[in-house]
Amino acid sequence: MRAAGVSYAAPAPVLTADEEHVFASATTMTSTESMQSIPLLYRLFFLYIEPVSAILGAYYAGGKPAEYLAYLTSDPAAASAVATQAPPTATLISLYQLSNLYLLFALNEHLVLSSTGSRRTWRRLLFCLLVADLGHVATMIPSALEKGWADVFLRFWAWNAMEWGSVGFVYAGASMRTSFLLRVGLRVEEEKGGKGKRE
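Residues numbered from 1 in each chain as written. Predicted model: local features only at pLDDT ≥ 70, side-chain atom pairs only at ≥ 80, totals over all residues. Heavy atoms only, no water.

## Considering the overall build of the chain
Let me state the cut-off plainly: Helix numbers and strand numbers start at the N terminus; a helix is a DSSP run of H or I with at least 4 residues, a strand a run of E with at least 2. The rule is simple: take the accessible area with a 1.4 Å probe, protein chains only, and divide by the maximum for that residue type; under 20% is buried, over 50% is exposed, in between is partly exposed. Contacts: residue pairs with any heavy atoms within 4.5 Å of one another.
Regarding its fold elements, the chain presents nine helices and two strands. Listing every helix and strand of the chain by position from the N terminus yields α-α-α-α-α-α-α-α-α-β-β. Across the 199 residues in the chain, those meeting the buried criterion constitute 28%. For the chain, contacts bridging at least 24 residues in sequence account for 62% of all contacts bridging at least 6.

In structure tokens:
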């Protein structure tokens, strides 16, 4: 007989070893299938190519600051002089901070996106990175004022390594992010039935 005012919780179901194995397998399969719903090109670029590129940027900004500044200098003679001199302390600190942000970019993109196949999460993070793309291109405006807008933003055949990294590769990243946000190459999964259709 149950005492008045006393409630009893039902015991939690106990899974056998076989049931736990089946549950773990189903969970892993669901996670894998979810990630497989992201097209291979997007996964290759956002999980590997771009993070590695950002790590290279972190290496040059923090590990070779004088060389990094030389690439930003439009005049060849001045660039040679910059490459052989230690940057001022304030400039060095700024480059170390830039290197840290490049590393943050790489880790955020790879670790967050590789942990989920949720397109909502992918879209939100890639939108933030698209905003960063626009800001990164805008940082090249002083160079454009010095060298000319077309030279910096359009004439890719004359770009140096820094311009390829700061403009050309950013164009590629922004194009990939815009394509994902516009659902190019993605399938719209129906909530029922498990079938999909291409937009």
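## What to know about the packing of aromatic side chains
As a reminder, the rule being used: Centres within 6.5 Å are what make two rings of Phe, Tyr or Trp a pair, Trp counting through its six-membered ring; a difference in plane orientation under 30 degrees is then read as stacked, over 60 as edge-to-face, and the rest as tilted.
Evaluation of the coordinates by the stated rule reveals 13 aromatic pairs. Taking the centre distance of 6.1 Å and the plane angle of 5 degrees together, the rings of Tyr-42 and Phe-46 count as stacked. In this pair, Tyr-42 and Phe-46 are both assigned in helix 2 (residues 40-63), four residues apart and thus about one turn of the helix distant. Taken together through their ring pairs, the aromatic side chains of Tyr-42, Phe-45, Phe-46, Trp-122, Phe-169 and Phe-180 make up a single cluster.

## Quick look at the layout of surface pockets
Inclusion rule: Cavities and pockets were defined on a 1 Å grid built over protein atoms only: a cavity is a set of grid points that admits a 1.4 Å probe from which the probe cannot escape, a pocket is an open set flanked by protein on both sides within 12 Å along at least five of seven lines, and lining residues are those with an atom within 4 Å of any such point. Grid points are joined across faces, edges and corners, and a volume is the space filled by probe spheres set on the points. Note on residue classes: Ala, Val, Leu, Ile, Met, Phe, Trp, Tyr, Cys and Pro are nonpolar, Asp, Glu, Lys and Arg are charged, and everything else, Gly too, is polar.
Here the largest pocket defines a volume of roughly 1,200 Å³. Taken together, 40 residues make up the lining of the largest pocket; nearest its centre are Tyr-68, Tyr-102, His-136, Gly-165 and Ser-166. Elements with a minimum of two residues in the lining of the largest pocket: helix 2, helix 3 (65-72), helix 5 (89-114), helix 6 (119-138), helix 7 (141-147) and helix 9 (161-181). Across the lining of the largest pocket, the residue classes tally to 22 nonpolar, 11 polar and seven charged.

## A word on the pattern of salt bridges
This is how it is decided: Salt bridges are counted wherever a side-chain nitrogen of Lys or Arg sits within 4 Å of a carboxyl oxygen of Asp or Glu.
For the structure shown, the criterion picks out five salt bridges. Residue Arg-177 pairs with Glu-109 through a salt bridge whose shortest N-O separation is 3.5 Å. Highlighted residues: Arg-177 in helix 9 and Glu-109 in helix 5, separated in sequence by 68 residues. The residues Arg-177 and Glu-109 share a single accessibility class, namely buried. Here Glu-163 makes a salt bridge to Lys-147, at a shortest N to O gap of 2.5 Å. On the criterion of sequence distance, the pair formed by Glu-163 in helix 9 and Lys-147 in helix 7 is long-range, its members being 16 residues apart. For Glu-163, a relative accessible area of 3% corresponds to the buried category.

## Brief notes about helix 2
How we decide: For a helix, the expected span equals 1.5 Å multiplied by the number of residues minus one. The angle between axes fitted to the seven-residue stretch ending at a residue and the seven-residue stretch beginning at it gives the bend at that residue.
With 24 residues, helix 2 extends 33 Å from end C-alpha to end C-alpha; this agrees with the ideal 34 Å at 1.5 Å per step. At Phe-46, helix 2 shows its maximal bend, which comes to roughly 30 degrees. Buried residues of helix 2: Tyr-42, Arg-43, Phe-45, Phe-46, Leu-47, Glu-50, Pro-51, Ala-54, Gly-57, Ala-58 and Ala-61, and no others.

## Re the environment of Ser-94
Along the chain, the position of Ser-94 falls in helix 5. Linking Ser-94 and Ala-61, residues 33 residues apart in sequence, is a C-alpha distance of 9.2 Å.

## With respect to the environment of Asp-133
Its location among the elements puts Asp-133 in helix 6. Asp-133 gets classed as buried once you look at its relative accessible area, which sits at 6%. Note: C-alpha distance between Asp-133 and Val-170 (37 residues apart in sequence) is 6.1 Å. When neighbours within four sequence positions are excluded, Asp-133 is seen to be in contact with Val-170, Gly-173, Ala-174 and Arg-177.

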